[in-house]
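Remarks on the overall topology
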Amino acid sequence: MSTDLSTYFEPRDDSQDLNALSLSKTALGMKASKILTISYSVRERIAAGADVTQFTVGDFNPKHFPVPDLLKEGAREALANDQTNYPPADGLLELRSAIRDHYERSFGLNYPVSSVVVGSGARPVLFAAYQCLINEGEKVLAPAPGWNNDNFSQLVGAQLVSIPSRPEDGFMPTASSLRPHLEGARLLVICSPMNPTGTLIRRQQLVEICDLIVEENARREEAGERLLYLIYDHVYWMLTFGDHEHITPPQVRPEMARYTLFSDAVSKCFSGTGLRVGWMVAPPHIVAKVKALMTHMGAWAPRPEQLATAGLLNDPSAIESFLETFLNKLQTRLNLLHDAFATWRDEGLPVDVIAPEGAMYLSVKFDLIGRPGFPNAESVRLMLLEEADCAVIPFDCFGDQVNLGWFRFSVGAVGVEDVEKCLPKLERALRAVHAKLQG
Ligand SMILES: Cc1ncc(COP(=O)(O)O)c(C=O)c1O
């Protein structure tokens, strides 16, 4: 016999939903991810039979982008060896040491192992960093567009100040765009290579921002004020193309090690979004508190995956050969899209595009907003979906109210043949819209 309990979960009276009213302010303030809402609606459209090209998700399709063999084999072997008990709250020492060595080899940065804490992906360590640094009402600075800073800020009651960015700066913040907002700011978040834009911060831009932070913190130390920290979210750092070079704050200004919190993971650089292994490298006094929070939340990475990740990070030649193929596949897809949009732009169609620099994203502009039939980004998104079966995400879903018309194309879920199939449909739709607007 089974008792149907669903009736207990329904509101008792229409005027006042006590179930909802009984939730916390934090729970009631949480916003649905606009990106996921679009992705789910596109998935439904595909399930209903539409031939849509899925450029919306920031995930990898394992059919096109499998993880490195060492990760699969390492996890399998660890399970076979009964590696199934709790890992330490800050991660297995094998993995923390491997991360430490990986950073020394890759960046020439020699951190103590007490600077490393592991979590189940980059998200929990990012959230923990916000929790450990920010008091309610304190100011967080993040460029728009940006990834998830609005949600993390809401969860800790921070006041998010979005710093408008410009395509000519690669949508990155600059020292001069940040300076007017420094007073009282506790945290600045920079993501490079960036989601959603696929652009990298330039060395000079980073140098100027680091100098600003060092100078501001020297003043605060003198005045006995709480410090300004920098989250440098570089989960895509190994995914760079051509001459584009990823650099980090302590490389350009070693003193920045005092103020920098790196977030990183196997999710993007090794295509392992579902493996849930991420980490933070930061000053040990912050890492100790992140560890304490992890102890209470239990957002640990699974033990077998931690061992597998340690095995991979300790094998630079396996990383190199994995990346060679991986980058090649990403670049082929991104270049196909970029070259098509660049040609259409040069032919006078109302589009613009930024050449791929890193990550799995391409920034494309549709210069239509404000023209008849296109009051906002959503109307452009729907035209692309309905007329070209092309599913993309506008920058306003990443908190950007300035760079209207710019969209993110993500190539992790598509094959080369999918891109090739979508391009003629896009061209036809764009030419039709252009002709209508001209006429
Ligand atoms: C910039 C950035 N940081 C962090 C994450 C989250 O990574 P994880 O899946 O490891 O939690 C994402 C995922 O989309 C991202 O784009």
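Right, let's get into helix α3 (residues 34-47). A rise of 1.5 Å per residue sets the reference length of α3, with its 14 residues, at 20 Å; its end C-alpha atoms lie 20 Å apart and thus fit the reference within 8%. All of the buried residues in α3 are Ile35, Ile38, Ser39 and Val42. Along the long axis of α3, the arc covered by the buried residues comes to 100°, so they all point the same way. The exposed residues of α3 that point more than 90 degrees off its buried face are Glu44 and Ala47. Phi for Gly49, located one or two positions after α3, is positive at around 110°.

This next bit is on the domain arrangement of the chain. Annotation of the chain at the domain level lists domain 1 (31-60 + 320-438) and domain 2 (69-315). Domain 1 and domain 2 are separated by 28 Å when their C-alpha centres are compared. Between domain 1 and domain 2, the contact holds 28 residues from the first and 32 residues from the second. At the junction of domain 1 with domain 2, the criterion picks out 1 salt bridge. At the boundary of domain 1 with domain 2, the tally comes to 13 residue pairs in polar contact (both at pLDDT 80 or more). Listed by contribution, the elements that provide at least two residues to the side of domain 1 that touches domain 2 are α13 (316-346), β10 (361-366) and β13 (406-410). Sort the elements by how many residues they give to the side of domain 1 that touches domain 2 and α13 lands first, with 7 residues.

The strand order across the open sheet built from 4 strands is β9-β10-β13-β12, with neighbouring strands paired in antiparallel fashion. Each edge of the open sheet carries a strand with a single partner, namely β9 (351-353) and β12 (393-394). Of the strands in this sheet, β9, β10 and β13 touch α13, which is tilted by about 140° from β9.

You can see Ala89 is positioned in the loop between α4 (69-80) and α5 (93-107). Along the backbone, Ala89 and Ile369 are 280 residues apart, and their C-alpha atoms lie at a distance of 49 Å. Once you skip the residues sitting within four places of it in the chain, Ala89 turns out to touch Val118, Lys291, Met294, Thr295 and Trp300.

A few words on the side chain of Arg303. Relative to the helices and strands, Arg303 is located in helix α12 (residues 303-313). In this structure, Arg303 is buried with no salt-bridge partner, the nearest side chain bearing the opposite charge being Glu94 at 6.3 Å. At 3.4 Å, the side chain of Arg303 and the side chain of Asn85 are in polar contact. Contacts of Arg303, omitting those with residues within four sequence positions, involve Gln83, Thr84, Asn85, Tyr86, Pro87 and Leu92.

Conventions we followed
Counting starts from 1 at the beginning of each chain's written sequence and moves along it residue by residue. Totals for whole chains, interfaces and linings use every residue, but because this is a predicted model, local features are given only for residues with pLDDT of at least 70 and side-chain atom pairs only at 80 or more, for both listing and counting. Here the side-chain values reflect all heavy atoms present in the structure, with hydrogen atoms and water set aside. A run of H or I in DSSP becomes a helix once it reaches four residues, and a run of E becomes a strand once it reaches two; helices and strands are each numbered from the N terminus. An expected span of 1.5 Å times one less than the residue number is assigned to each helix. Only protein chains enter the accessibility calculation, which uses a 1.4 Å probe; a residue whose area is less than 20% of its type maximum is buried, one above 50% is exposed, and one in between is partly exposed. The directions from the helix axis to the C-beta atoms form the arc being described. An automatic or database domain assignment supplies the residue ranges for each domain. Any two residues having at least one pair of non-hydrogen atoms within 4.5 Å are treated as being in contact. Note on definitions: salt bridges are taken to be side-chain nitrogens of Lys or Arg within 4 Å of carboxyl oxygens of Asp or Glu. Whenever two N or O atoms come within 3.5 Å, that pair is a polar contact, provided that in protein one can donate a hydrogen and the other can accept it, and provided that, for residues adjacent in sequence, both atoms are side-chain atoms. By this definition, two strands are paired if DSSP reports at least two bridges between them. The convention used is that axes are lines fitted to C-alpha atoms, helices contributing only their stretch in contact, and that angles between N-to-C directions extend from 0 to 180 degrees. Under the convention used here, Asp and Glu are negative, Lys and Arg are positive, and both His and the chain ends fall outside the count.

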